[in-house]
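A structural walkthrough
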Amino acid sequence: MTKAELYEKAKMLPLLPGVYIIRDKRDEIIYIGKAKRLRTRVSQYFREGVPHDAKVTQMIGHAFAFDVIVCQSEFEALVLEASQIKAHTPKYNILLKDDKGYSYVKITKGDYPRISAALQKDDDEADYIGPFTSSFAVRQMVETAQDSFLLPRCGRRFPEDIGKGRPCLNAHIGKCMALCSGKISKEVYNEAVKGAVQLIRHGKKDILTTMRRRMEEAAERLDFEQAALLRDQIAAVEKVAAGQKVVVDEAVEMDVMSFAASGASSCAAILRYRKGRLADKREFVFKGSTDLEALREEFLPRYYLYGGEIPRRIAVDALPEAAEALERLLSETRGAKVQLYVPQRGDVARLVTMAYTNAVERLARESGRTDRGQRLLDETAALLGLAKPPHVIESYDISNWGEGTSVCGMVVFQDGKPLKSGYRRFKMRTVLGTDDFASMAEALSRRAGEYEKGATGQFGVLPDLILLDGGKGQVSAVKAALAGTALAAVPLFGMVKDDRHRTRAIVTADGGEIAVSMHRGVFTFLSNIQEEVHRFSIEYQRASQKKKSYASSLTAIPGVGPATARALLARFKTVGAVREASLEELEQAKGVGSAAARRIFDWFHGGPALDKAGQTGDNEP
């Protein structure tokens, strides 16, 4: 249906509350919303002359049909909308993604361990405390521990840098014990680190008693330097522990939320207060959305009904349209009364202003990054002779190993940043032996075929630029493979490396070369893309090789062929897990029959059906 036809259909809707579901040409749901009056809300999308922000404009451009579900009340519409969005996750409903994951407190090994905040566990034998859902809280804990025990936070390495150079400013202002001076023993330093870890794990209650006792013991044995250090640490713990002012009643758990818009983006900032103190800060940036009223109405139920902790009080900068229904739904979900309100004066009103300031600052930082990224894409377009800056870039690399098996990795950069949800992998189907040109041609041919079949996800997107890890041969092979396809018009270039494995030049579709080393920004950008696609394809190749070696070890079991081995690995992931599986678990694996399960079990456990030499036992025919 055309936009005009959709508008005529919307004018026939009732002035009743309900939920509307918008679909595209493929009959996929792209947006779900609720309305107090269905006719008024839905017709606004399709009436000519009504201004919309970028996200809504794009959604309307893909709209082909809509359905509505009439409800008895606005509350019923809110509940139905929430359940439908959770079930279908439409493309144009907001996604609550921020820069948070699980965070940890990291304590390194060695004679001089260091404490720091970490976003993930590394395979480095360090000790980790966590995980914590709030990176903000982890940074606060680490800073508190470092301040309390006067731990170094500089880049110096110990013991290598002890006695080299003068202590830094932190030591002079009393925020560091100056381990680098050589006056602090390893034992004293390690005691401080242990105290900091105990403070992080258990709080200040027990650690102060222990520290006071150690200070008295040091004074009794006339170790005045250690006693003085412990005295300073005790004072620091007491000062830091009392440092954050209680800004609201300690008995109240409360979220403070504010929204801001700038340019083509908006931001929701949430300050979470628990026991009267700021416990966490969260920020969500939405690009293409500048209608704060609509964002506020959609964001609040999404945030709290999809796993967010619902506090007793939620202070906001303005109430959404369905505030009363939302407050009732949050109360029912929490199982206790929830207050959703706009504070007019006092401390909480000032906290709402602080949340707004944080939202504005986040947008300013995002704008700065966007501007730098846009300039870089502009420079890339100018250097490569593109008609416009590339919004979506796809890059491909072939990886193979000795026996002739090849794989291809595809990475995606959107607006200059990696879009990992768009990464894809190809295992060669038609190429025999090691042939990078033919392998690259097959991968891109299959990519074009997926797009022409109307695939969803990244395969349903037409890129603005294709980059190949390779030179003239790869470019020529892919150019021929894409001829006559929908991707034939996409600008295509190769990336060749120098002796130091850095991007030396860009190979054009006609075999020419464009030097990039003199353009530092573009050079770094393209090198990062080339390194990322190489890393991704190598990881896939190694994983495939490892899985193949696992499968080979399983096929050593008589009666277990490649298909059964693949089925076992799909179910149990590793050979070790297959070894530990019970006979019943093996029988339940898809593609593994009872007889095969018995042979596999007896192979690993020395049963009667099969011994390790592959000889049949009494149970075999």
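From a predicted model like this one, the values you see are computed outputs, not experimental measurements.

Moving on to helix 16 (residues 562-572). Every buried residue of helix 16 is listed here: Thr-564, Ala-565, Ala-567, Leu-568, Leu-569 and Phe-572. Downstream of helix 16 by one or two residues, Lys-573 has phi in the positive range, about 75°.

Buried together is how nonpolar side chains tend to be arranged in soluble globular proteins. With 28 residues, the main nonpolar core has Val-105, Ile-115, Phe-149, Leu-151, Met-177, Ile-184 and Tyr-189 as its most contacted residues. Mapped by element, the contributors of at least two residues to this core are strand 4 (103-107), helix 5 (135-148), helix 7 (186-202), helix 8 (204-220) and helix 9 (224-241). With eight residues, the single largest contributor to this core is helix 7. Counting 27 residues, the second-largest nonpolar core is a separate cluster that includes Leu-78, Ile-94, Phe-259 and Leu-305.

A word on the packing of helix 13 (residues 436-452) against helix 14 (residues 472-482). Orientation of helix 13 relative to helix 14, taken along the N-to-C sense of each, is 35°, at an axis distance of 8 Å. For the pair helix 13 and helix 14, the crossing hand works out as right-handed. The residues of helix 14 that touch helix 13, namely those facing Asp-436, Phe-437, Met-440, Ala-441, Leu-444, Ser-445 and Ala-448, are Gly-473, Gln-474, Ala-477, Val-478, Ala-481 and Leu-482. Residue classes in the contact of helix 13 with helix 14 are distributed as nine nonpolar, three polar and one charged.

Attention now goes to the sheet that holds strand 9 (residues 277-287). Within a beta sheet, neighbouring strands are joined by backbone hydrogen bonds and run either parallel or antiparallel to one another. Strand order in the open sheet formed by five strands is 9-8-7-10-11, with mixed pairing between adjacent strands. Taken across any chain shown, the strands that pair with only one partner, and hence form the sheet edges, are strand 9 and strand 11 (339-341). Neighbouring strand axes in the sheet, compared pairwise and without regard to direction, differ in orientation by 15° on average. By the bridge criterion, nine bridges tie strand 7 (residues 254-262) to strand 8 (residues 265-274) in an arrangement that is antiparallel.

Each turn of an α-helix holds 3.6 residues, which means side chains three or four residues apart point in the same direction. When the terminal C-alpha atoms of helix 4 (residues 74-88) are compared, their 21 Å separation across 15 residues agrees well with the 21 Å that a helix rising 1.5 Å per residue should span. Taken together, the buried positions of helix 4 are Glu-74, Phe-75, Ala-77, Leu-78, Glu-81, Ala-82, Gln-84 and Ile-85. Looking at the buried positions of helix 4, the neighbouring elements they touch are strand 1 (18-23), strand 2 (29-35), helix 10 (292-305) and helix 11 (323-334). Directly after helix 4, the chain includes Thr-89, whose backbone phi takes a positive value near 40°.

The next subject is the confidence of the model for the protein. Here the protein averages 83 in pLDDT, and 88% of its residues register 70 or above. Scored below 50 in pLDDT, residues 609-621 makes 24 contacts in the model with residues more than four places away or belonging to other chains.

Turning our attention to the packing of helix 1 (residues 3-10) against helix 2 (residues 38-46). Look at helix 1 against helix 2: their axes get within 8 Å of each other, and the N-to-C directions meet at 170°. Comparing the axis directions of helix 1 and helix 2 gives the class roughly antiparallel. On helix 2, the residues touching Lys-3, Leu-6, Tyr-7 and Ala-10 of helix 1 are Arg-39, Val-42, Ser-43, Tyr-45 and Phe-46. Broken down by class, the residue content of the contact of helix 1 with helix 2 amounts to six nonpolar, one polar and two charged.

Time to look at the environment of Phe-284. Structurally, Phe-284 can be placed in strand 9. Between the C-alpha atoms of Phe-284 and Ala-359, which are 75 residues apart in sequence, the distance is 8.6 Å.

Let's shift gears to the pattern of salt bridges. Evaluated as defined, the whole model comprises 30 salt bridges. One salt bridge in this structure joins Glu-283 and Lys-281, with 3.4 Å as the shortest N-O distance. In this structure Glu-283 comes out as buried when scored by relative accessible area, which is 6%. Since its relative accessible area comes to 24%, Lys-281 is described here as partly exposed. For Arg-350, the salt bridge identified is with Asp-347, shortest N-O distance 2.4 Å. Of the two residues, Arg-350 and Asp-347 are both situated in helix 12 (residues 346-384); the distance of three residues between them amounts to about one turn of the helix. Using a relative accessible area of 53% as the deciding quantity, one classes Arg-350 as exposed. Each of the salt bridges in this network shares a partner with another, and the network as a whole consists of Lys-34, Arg-41, Glu-297 and Glu-321.

Rules used throughout
- Within any chain, residue numbers begin from 1 and follow the written order of that chain's sequence.
- Where local features are concerned, this predicted model is filtered to residues with pLDDT of at least 70; where side-chain atom pairs are given and counted, the filter is 80 or more; whole-chain, interface and lining totals use all residues.
- In computing side-chain values, all of the structure's heavy atoms are included and hydrogens and water are not.
- Exposure classes here rest on a 1.4 Å probe applied to the protein chains alone. A residue is buried below 20% of its type maximum, exposed above 50%, and partly exposed in between.
- In this description a helix means any DSSP run of H or I spanning at least four residues, a strand means any run of E spanning at least two, and both kinds are numbered starting from the N terminus.
- For our purposes a nonpolar core is just a set of buried Ala, Val, Leu, Ile, Met, Phe, Trp, Tyr and Cys residues, chained together by side-chain atoms within 4.5 Å.
- Each axis is a line fitted through C-alpha atoms, and for a helix only the stretch in contact is used; angles between axes span 0 to 180 degrees, taken between their N-to-C directions.
- We call a crossing left-handed when the near helix sits turned anticlockwise from the far one by less than a right angle, and right-handed when that turn is clockwise.
- It only takes one pair of heavy atoms within 4.5 Å for two residues to be counted as in contact.
- Amino acids outside the nonpolar list (Ala, Val, Leu, Ile, Met, Phe, Trp, Tyr, Cys, Pro) and the charged list (Asp, Glu, Lys, Arg) are all regarded as polar, and Gly is one of them.
- Only strands that DSSP links by at least two bridges are regarded as paired with each other.
- The span one expects for a helix is its residue count, reduced by one, times 1.5 Å.
- You can read pLDDT as the predictor saying how much it trusts each residue, on a scale of 0 to 100.
- Put simply, angles under 35 degrees are roughly parallel, angles over 145 are roughly antiparallel, angles from 65 to 115 are roughly perpendicular, and the rest are oblique.
- By convention in these notes, a salt bridge is any Lys or Arg side-chain nitrogen within 4 Å of a carboxyl oxygen on Asp or Glu.

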